[in-house]
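# Secondary and tertiary structure notes
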Amino acid sequence: MSDTGMKLSFGEKFGYGLGDLAANLIFQTVMALQLVFYTDTFGLTPAQAGTMTFFVGLGAAVFNPVMGVIADRTKTRWGRFRPWLLWTAVPFGVIVFLTFTTPAMSPSAKLIYAWVTYLLLRVVYTMNNVPYASLNGVMTDDPNERTSISSFRQFFMTVASFVVQSLAIPMVAILGGGNNAHGYQRTMGIFSVIGVVLFLVAFAVSRERIEPDPEQETSVLKDLRDLMKNGPWIALFLVTAFCFMGLAIRNGIMLQYFKYCAGNPMLFSWFNGWGLTAMMIGIACSTALARRIGKRTVFFWSLLLTAVLNSALFFLAPTATVQIVGLEFLRQFCYGCSGPVLWAMMADVADYGEWKTGRRATGTVISAVVFALWIGVALGGAISGWLLSFYGYRANVAQTAHTLLGIRLIASVYSGAAFLAVAVCLLFYGISMEQNLAISYDLAERRKSHHSAC
C-alpha cells in the first residue's frame, strides 16, 4: 500500500527542507539565546523577559489556527500554502533584524520596543511557518514520503541549530568587537539575509499536489468540530506542547549553565556542536526506524530516553566536561530519532480527519498543532524566566549557591519532566503503522474516484 503514493524528487525535498533552515536560524535563536539576550544584553529583568515571552507567545499561539484557516482558504496559481513563503520572506528578515537591535532608549521605552518587535516577529513567523508546515501534507499522500520530507526538514533544522548554538556566540563576540548589542544585531542581520534567500528557494521548488474534494463545503465551524472529534490530533496537540516546553526550558538555560555553573560560556559551543552532531545521526536513522516499527513507537522510546538522559545531567558536576558532553551526545541522538516523526505525524492526523469525516482541512489541522508548539515555547520560556527570578538570578554577577542549584535543576530535572510527559501522551495516540498505511491507501482511492467523477 505504501508504494501507491506520490514519490518526490531529491531536489524538491532538499529545496523544501531549506525553508526549515531559514526559519530555524531564527527559531533556534529564540529558543537558545533570546532569554539571555534580553537579560544580559538588552537590559530586561528575568521577570520582564519571562512575562513578555509568555503573553506575546500566548497571543501569537492563538493566531496559529487563525492563520491555518486563512491558508486553507487561500487560492492562487501557486496553491494555498506556497505563496505565503514568497509574501513573508522579506518582512520576516526585516523584523528579525529589528528584534535583535538594542536601541538607545530609556528602560521603559526599551521595554515597549521589546514587546512590539517580539510581537511582530511572532506574527510574521506564524504567517510564514503555518503554511510552510502545511505543505508537507499536500506535497504527497505517501506516509513514508512524508517522513522522508520531514527528515530533510529536520536535517536542516539541525544545521540551523548547529549554526546558532555553536557559532552564534563566537559570531556575536567577533562581529561586536566587545559590544554584544552590536554583535547580536550584525549576527542576526546575516541570518536574516540568508533566511530571505532560502525562503524564496523553498517557494520556487515545492509543489502542491493534494486538493480537498472540490465539492467539500467550506465551514470554519465544521473544521473546528471535526478537530475536536479527532482523537489522535488531541494526543498530538499535548505531545507537541510538552515537547517544545521541554526544549524551551532546556535550551533557554544552557548558556547560563555554562557561564555560571561551569564558569566557561565558550563550552556552550562545544557542548552543542557534539550534541547536534549526534542529533544528525539520530535523524538519519529516523526514517528507517519509522518504516520498520512505526512513527508512534519511535517517538515514544525516543522521548522516554531523552527524558531520562536529560534529568541525569543533574547528577554530574558542572565541571565534568567530558561526561557532560558524552551524556548530551546520547541524549541528542535519542531526541534526533524523533525529530522528523512529529512533522510527519501532523500530516497523518490531517489524513485521519479526512478519512473519518470526508472533509480535509490541512492548514487548520496542522496550524492547530503548531499552536500547541508555540504554547509550549511560550510556557517554557516564561517558566525559565520565572524560575530564574525565583532562584534569585541577577545578570552578569557571581551567582549564589541557591541560584546555581536552580540553574542546574532547570537544565535537568524540570525540563526532563516535560519530555517525560510527551512519552505519556504518546500512549494515547491511536494511529498505528498498519492503520496509517491503510488510511493512505483508502484516501488515494477516494481521490481517484473524485477525479474520475470530474
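Keep in mind it's a predicted model, so treat the numbers as computed, not measured. (Residues numbered from 1 in each chain as written. Predicted model: local features only at pLDDT ≥ 70, side-chain atom pairs only at ≥ 80, totals over all residues. Heavy atoms only, no water.)

Let's shift gears to the overall build of the chain. Helix and strand counts for the chain come out as 15 helices and zero strands. Compactness check: the chain gives a C-alpha radius of gyration of 21 Å against a globular reference of 22 Å for 454 residues, within 12% of the reference. For the C-alpha atoms alone, the extent of the chain along its principal axes is close to 70 × 45 × 35 Å. Per-residue burial over the chain gives 61% buried out of 454 residues. Of all intrachain contacts in the chain linking residues separated by at least 6 positions in sequence, the fraction that spans at least 24 positions is 85%. Of note, the chain has its 32 positive side-chain charges centred 8 Å away from the centre of its 22 negative side-chain charges. (Helix = DSSP H or I, 4+ residues; strand = E, 2+ residues; numbered from the N terminus. Rg over C-alpha atoms; globule rule 2.2 N^0.38 Å. Buried < 20%, exposed > 50% of the residue type's maximum accessible area, 1.4 Å probe, protein only. Contact = heavy atoms within 4.5 Å. Lys, Arg positive; Asp, Glu negative; His and termini not counted. Charge placed at Lys NZ, Arg CZ, Asp CG, Glu CD.)

In this model, helix H14 (residues 401–426) (26 residues) spans 37 Å end to end at C-alpha, consistent with the 38 Å of a helix rising 1.5 Å per residue. Bending of H14 peaks at approximately 45° at the position of Ile410. (Expected span 1.5 Å × (residues − 1). Bend = angle between axes of the 7 residues up to and from the residue.)

Turning to the side chain of Thr187, a few remarks are in order. Topologically, Thr187 is positioned in helix H7 (residues 180–205). Overall, Thr187 belongs to the buried group, its relative accessible area being 1%. Sequence-distant contacts of Thr187, that is, excluding residues within four places in its chain, are made with Ala168, Met171, Val172 and Leu175.

Turning our eyes to something else, we now look at unusual backbone geometry. A positive phi is found at Asn396, a non-glycine position, where the angle reads about 60°. Assignment of secondary structure puts Asn396 in the loop between helix H13 (362–390) and H14. Looking at Asn396, the relative accessible area reads 48%, which means it is partly exposed.

To continue, consider the confidence of the model for the chain. Residues at a pLDDT of 70 or more form 95% of the chain, whose mean pLDDT is 87. The lowest-confidence element of the chain is helix H15 (residues 433–453), averaging 73 in pLDDT; the highest-confidence one is H14, averaging 96. (pLDDT = per-residue confidence, 0-100.)

Take the nonpolar core next. Leu33 and Phe244 are the most contacted members of the largest nonpolar core, which has 140 residues in total. Per element, the largest residue contribution to this core is 19 residues, and it comes from helix H9 (residues 231–261). (Core = buried A, V, L, I, M, F, W, Y, C linked by side-chain atoms within 4.5 Å.)

Bringing the packing of aromatic side chains into the picture now. Two measures describe an aromatic ring pair: the distance that separates the ring centres and the angle between the ring planes. Evaluation of the coordinates by the stated rule reveals 30 aromatic pairs. Ring geometry for Tyr38 and Phe42: centres 5.5 Å apart, planes at 85°, overall edge-to-face. Linking Tyr38 with Phe42, this pair stays in helix H2 (residues 34–42), spanning four residues, or about one helical turn. Both residues of the pair, Tyr38 and Phe42, belong to the buried class. Both rings, one in Phe237 and one in Phe371, keep their centres 5.7 Å apart while their planes meet at 35°; by these two values the pair is tilted. Of the two residues, Phe237 is situated in helix H9 and Phe371 in helix H13; the sequence distance between them amounts to 134 residues. With respect to class, Phe237 is no different from Phe371; both count as buried. Chaining the aromatic ring pairs together yields one cluster made of Phe37, Tyr38, Phe42, Phe100, Tyr113, Tyr118 and Tyr184. Here the guanidinium or amino end of Lys110 rests over the ring plane of Phe42, the centre of that ring lying 5.1 Å away. (Phe/Tyr/Trp six-rings, centres within 6.5 Å; stacked < 30°, edge-to-face > 60°. Lys NZ or Arg CZ within 6 Å of the ring centre and 35° of its normal.)

Glancing now at the pattern of salt bridges. As enumerated under the stated definition, the model contains eight salt bridges in all. Lys259 is the salt-bridge partner of Asp40, the closest N and O atoms lying 2.9 Å from each other. With Asp40 in helix H2 and Lys259 in helix H9, this residue pair connects regions lying 219 residues apart in the sequence. Across the salt bridge formed by Glu328 and Arg250, the nearest N and O atoms sit 2.6 Å from each other. (Salt bridge = Lys/Arg side-chain N within 4 Å of Asp/Glu carboxyl O.)

With respect to the helices, strands and loops of the structure, Thr101 is situated in the loop between helix H4 (82–99) and helix H5 (107–139). Given the relative accessible area of 13%, Thr101 is considered buried. In terms of polar contacts, Thr101 uses its side chain to reach the backbone carbonyl oxygen of Phe97, at 2.8 Å. For Thr101, the side chain forms a polar contact with the side chain of Gln185, separated by 3.0 Å. Every residue in contact with Thr101, bar those within four places of it in the chain, is listed here: Phe42, Tyr113 and Gln185. (Polar contact = N/O pair within 3.5 Å; in protein donor to acceptor, adjacent residues only side chain to side chain.)

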